[in-house]
Amino acid sequence: MPGAVHCNRPGQSVLCAYGGGEVCGYAGMTTSHNARSSLYQQVANLLRASILETDSDRPLRLPAEPELATRHGVSRATIRQALGLLGAEGLIERTPGRGTVTVPSAIREQRRLSRHLIGVVSRWDSRVERPSSFYGQLYQGIAQAAEEAEYRIRLDIIHGAILPSFPAGLQPFDRQEIVGAIAVGIVDERLIRMHLGAGYPLVCADYYTTIPEADVVVVDCFTEGYMAAQHLLGLGHRHLFYLGNILGVQHRRQHEPDADLLEAGLRRALREVGLPGDNVFYCRSDGSEAREAARWVLSLHPRPTAGVVFQLGAASVLRDTLAGEGVLCPRDISLLARASIGEGKGFDAFISDPLQIGRQAFQMLMERISGRRQQSVRVSMPSVLRPDGSVRRCEA
């Protein structure tokens, strides 16, 4: 990818605000969220990010050591180590009688070097480096928009399981190097808080985080579920089931958050017409549990005439497994799935466009970086229903 920069374990920094002729007036922030970094490095990162946000042609004075120690809840020795680190980087000067002051020329140089670099973080199993995958297309959208805007990308792929454990040594990007970040398919809110705590704006792509400081752009799964139920109800189906998606294995198993949203939309539509929404089953989408899901569908009474399946792969395996039991799609049971552009041939599906989600995520990040928007926003991208032979009108 032109302009892409790859790294494995970026550092950490946290943004603070300054005011007046001194470097002052900022809120102390806890440093305990990333105990794997040395305490003085965490404080140095807090101060560095704040210093780099200043916009002054003259030196600004930092608060005295005792005040910094109180605000950050650390010892004066830790503050002295942090200031020593910043002094070695040339960002501050410490002289008797004058105190600790910033060095405007060094600030300008570091800001110049970091102005056109953003971070993208994703999980190894999201396969962002495979353009054919959903997240691969989403990343391509980010990369295309970044190239057009003359920004480079630093890509951090997290290896190993995130939930429930946290990979050793995991750190956010270095605020000295990037101006903002996009989290692609990251569903662990500890990781999201870690990046937000580093002081740069963050856009969560394809995860509806509950953390209010983050921008969010997602597929509108709730509306997909609502419209899927309405579509099937309009074709005369009254006995429906929903097959959701499980993430992780063994003790790490959990519902995929978007699958829960789709289920909520489905239930809403069914409640509105007085129908129950109890036929719900969650399994992994890789086909390993398709036989169990098929047995569950066959056990339902009355037998469903249609089902909504969160993952296209699960829908395909389920269809083949049911056919082995003599239950054919769409003759005996209609299946409606989800897919992205270029996928899902042979299934009626709600089609999303991950490329546009990536471009939207980049645009939202640019709004925050430029200051055009201060408050976080949440954007749900619509999908389009595409008929393709797996749903029929219910005759009964």
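Rules behind the numbers
Sequence positions are assigned chain by chain, starting from 1 and proceeding in written order. Predicted model: local features are reported for residues with pLDDT of at least 70 only, side-chain atom pairs are reported and counted for 80 or more only, and whole-chain, interface and lining totals are derived from all residues. Excluding hydrogens and water, the side-chain figures rest on all heavy atoms present in the structure. In the cavity and pocket records, a cavity denotes points on a 1 Å grid over the protein atoms alone where a 1.4 Å probe fits but cannot get out, a pocket denotes an open set with protein on both sides within 12 Å along at least 5 of 7 lines, and lining residues are residues with an atom within 4 Å of a point. Grid points are joined across faces, edges and corners, and a volume is the space filled by probe spheres set on the points. Starting at the N terminus, helices and strands are each numbered in turn, a helix being any DSSP run of H or I of at least four residues and a strand any DSSP run of E of at least two. Any residue outside Ala, Val, Leu, Ile, Met, Phe, Trp, Tyr, Cys, Pro, Asp, Glu, Lys and Arg is labelled polar, Gly included; the first ten of those are nonpolar and the last four are charged. We define a salt bridge as a contact between a side-chain nitrogen of Lys or Arg and a carboxyl oxygen of Asp or Glu at a distance within 4 Å. Accessibility here uses a 1.4 Å probe with only protein chains present; expressed as a share of the type maximum, an area under 20% marks a residue as buried, one over 50% as exposed, and anything in between as partly exposed. In this scheme, a helix's expected span is set at 1.5 Å multiplied by one less than its residue total. For this analysis, a polar contact is any N or O atom pair within 3.5 Å, provided that within protein one partner can donate a hydrogen and the other can accept it, and provided that sequence-adjacent residues contribute only side-chain to side-chain pairs.

**So, empty space enclosed by the protein**
The full count for this structure, using the stated rule, is two cavities of 30 Å³ or more. Within this model, the second largest cavity holds a volume of roughly 30 Å³. Lining the second largest cavity are Glu224, Gly225, Ala228, Leu262, Val308, Leu336, Ala337, Arg338 and Phe350. Put simply, the parts of the chain that give the lining of the second largest cavity at least two residues each are helix H7 (221-234) and strand E13 (334-340). Taken together, the residues of the lining of the second largest cavity break down into six nonpolar, one polar and two charged.

**Side note on the pattern of salt bridges**
If the charged atoms of two oppositely charged side chains come close together, the side chains can form a pair. Within this structure, the stated rule accounts for 13 salt bridges. Residue Glu65 is joined to Arg80 by a salt bridge in which the shortest nitrogen-to-oxygen separation is 3.3 Å. Placement of Glu65 in helix H2 (residues 65-72) and of Arg80 in helix H3 (residues 76-88) is noted, with a sequence separation of 15 residues between them. What makes Glu65 buried here is its relative accessible area of 12%. Given a relative accessible area of 40%, Arg80 falls into the partly exposed group. Between Glu263 and Arg267 there is a salt bridge; the shortest N-O distance is 2.7 Å. Note that Glu263 and Arg267 are positioned in helix H8 (residues 257-272) at a spacing of four residues, about one turn of the helix. Salt bridges sharing partners connect three or more residues here, namely Glu65, Arg76, Arg80 and Arg94.

**What to know about helix H11 (residues 354-370)**
Between its first and last C-alpha atoms H11 spans 24 Å; for 17 residues at 1.5 Å apiece the expected length is 24 Å, and the two agree. When H11 is considered as a whole, its buried residues turn out to be Pro354, Ile357, Gly358, Ala361, Phe362, Met364, Leu365, Met366 and Arg368. Between the side-chain oxygen of the N-cap and the backbone nitrogen of Leu355 there are 3.2 Å, and the N-cap of H11 in question is Asp353. One or two residues past the end of H11 sits Gly371, with phi positive at roughly 85°.

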